[in-house]
Amino acid sequence: MGTRSYICKEMPDGTYTGIYCHSDGYLTHNGAMLLDHYKTEKKVDKLLSLGNLSYLGEMLDPSPDEPHSFENRQDGVCVAYARDRGEKEQQATEVKLTDIDDPTSWIEYCYVYGQDGKWRYFECGHLNEGLKDLQLGLEEEYQKLGFPRPKGYYGFYTQEDIKRLRYLNEKAQEQAE
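So, here is what we can say about the structure in this document. (Residues numbered from 1 in each chain as written. Predicted model: local features only at pLDDT ≥ 70, side-chain atom pairs only at ≥ 80, totals over all residues. Heavy atoms only, no water.)

1. Structural notes on the overall build of the protein chain
Next up, step 1: Secondary structure assignment for the protein chain yields 6 helices and 8 strands.
Next up, step 2: Helices (α) and strands (β) of the protein chain occur, in sequence order from the N terminus, as β-β-α-α-β-β-α-β-α-β-β-β-α-α.
Next up, step 3: Relative to its length of 177 residues, the protein chain is compact, with a C-alpha radius of gyration of 17 Å against a globular reference of 16 Å.
Next up, step 4: Principal axes of the C-alpha set define a box for the protein chain whose edges measure 55 × 45 × 30 Å.
Next up, step 5: Taking all 177 residues of the protein chain together, the buried fraction comes to 42%.
Next up, step 6: Of the contacts formed within the protein chain by residues at least 6 apart in sequence, a portion of 49% connects residues at least 24 apart. (Helix = DSSP H or I, 4+ residues; strand = E, 2+ residues; numbered from the N terminus. Rg over C-alpha atoms; globule rule 2.2 N^0.38 Å. Buried < 20%, exposed > 50% of the residue type's maximum accessible area, 1.4 Å probe, protein only. Contact = heavy atoms within 4.5 Å.)

2. As for the packing of helix α1 (residues 27-37) against helix α5 (residues 134-145)
Next up, step 1: Where α1 contacts α5, the two axes come as close as 10 Å, and the packing angle between them is 140°. Seen from above, α1 lies across α5 with left-handed handedness. Of the residues in α5, those touching α1 at Leu27, Thr28, Gly31, Ala32 and Leu35 are Leu134, Gln135, Gly137, Leu138, Glu141, Tyr142 and Leu145.
Next up, step 2: Each residue belonging to the contact of α1 with α5 can be placed in one class, and the counts come to 7 nonpolar, 4 polar and 1 charged. (Axes fitted to C-alpha atoms, helices over the stretch in contact; angles between N-to-C directions. Left-handed = near helix turned anticlockwise from the far one by under 90°. Nonpolar A, V, L, I, M, F, W, Y, C, P; charged D, E, K, R; others polar.)

3. Quick word on the side chain of Asn30
Next up, step 1: Mapping Asn30 onto the fold places it in helix α1.
Next up, step 2: Of the residues examined, Asn30 reaches a relative accessible area of 0% and is grouped as buried.
Next up, step 3: Among the polar contacts made by the side chain of Asn30, one reaches the side chain of His29 at a distance of 2.8 Å.
Next up, step 4: Once residues within four sequence positions are removed from consideration, Asn30 is found in contact with Ser5, Cys21, Ser23, Asp24, Gly25, Leu56 and Tyr111. (Polar contact = N/O pair within 3.5 Å; in protein donor to acceptor, adjacent residues only side chain to side chain.)

4. Concerning the pairing of strand β7 (residues 119-123)
Next up, step 1: By the bridge criterion, 5 bridges tie strand β6 (residues 109-113) to β7 in an arrangement that is antiparallel. Across the sheet, the residue bridging to Tyr109 is Glu123, located in β7.
Next up, step 2: Between β6 and β7, which follow one another and run antiparallel, lie 5 residues, and Gly117 among them has a positive phi close to 80°.
Next up, step 3: Bridge analysis of β7 against strand β8 (residues 132-133) gives 2 bridges, and the strand direction is antiparallel. (Pairing = 2+ DSSP bridges.)

5. Some words on the nonpolar core
Side chains of a nonpolar character, in soluble globular proteins, are inclined to be buried together.
Next up, step 1: The biggest cluster of nonpolar side chains holds 33 residues, and the ones touching the most others in it are Tyr38, Leu47, Leu53, Leu56 and Trp119.
Next up, step 2: Of all the secondary structure elements, the ones that give two or more residues to this core are β2 (16-21), α1, α2 (41-49), β6, β7, α5 and α6 (159-176).
Next up, step 3: The biggest single contributor to this core is α1, with 5 residues.
Next up, step 4: The next biggest cluster of nonpolar side chains, apart from the first, holds 16 residues, and it includes Tyr6, Phe70, Phe122 and Leu127. (Core = buried A, V, L, I, M, F, W, Y, C linked by side-chain atoms within 4.5 Å.)

6. Here we look at the pairing of strand β1 (residues 5-10)
Next up, step 1: Judged by how many residues are buried, β1 sits mostly within the fold: 5 of 6 residues are covered.
Next up, step 2: Across 6 bridges, the pairing between β1 and β2 is antiparallel. By the bridge assignment for β2, Glu10 is matched with Tyr16.
Next up, step 3: A loop of 5 residues connects β1 with β2, the two strands running antiparallel in sequence, and Gly14 in this loop sits at a positive phi of about 90°.
Next up, step 4: In terms of strand pairing, β1 meets β6 through 5 bridges, oriented parallel.

7. Quick look at the pattern of salt bridges
Next up, step 1: As enumerated under the stated definition, the model contains 12 salt bridges in all.
Next up, step 2: Note that Asp84 is salt-bridged to Arg83, the shortest N-O span being 2.8 Å.
Next up, step 3: According to the relative accessible area criterion, Asp84 is buried, its value standing at 8%.
Next up, step 4: Between Glu129 and Lys132 there is a salt bridge, with its nearest N and O atoms 3.4 Å apart.
Next up, step 5: Judged by relative accessible area, which is 48%, Glu129 ranks as partly exposed.
Next up, step 6: Using a relative accessible area of 33% as the deciding quantity, one classes Lys132 as partly exposed.
Next up, step 7: Via salt bridges that share partners, Lys46, Asp61, Arg83 and Asp84 belong to a single interconnected network. (Salt bridge = Lys/Arg side-chain N within 4 Å of Asp/Glu carboxyl O.)

Structure below.
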């Protein structure tokens, strides 16, 4: 999916440095991925060092034993425009959250790693509501979907998926009673 997002880090001086990510920017993919796999400042810095991304994966670096490029991707590995397609001028840059919030930017979600080591986010066009805690936002998203977050799943749910997972959740609750 082409759900665009921005991934930023709050700097000590209160500015933000960030990268664009073209695909799967919604909470149940990029949001969950950031919470689960990019928990430390060191890992966030390494992610930002890749520059703009086509895809955010669980792993930053491809295995040296297999080919990895924009057209021939290794499963679960970030796909970076500079490293994997040879594009220039893709590095992380200083950004203003208000610029990302602009409805004409085509960005749908913005994720911010704070100085306190916590991930926050906003849906573009809603920065005036403030940065929201990403963990809480993801929990709320799954409450709306009607089933608990599956461990290790990062992706989009079709209406068919939602019906099936709600049904399985209801059956599991019935058996637990």
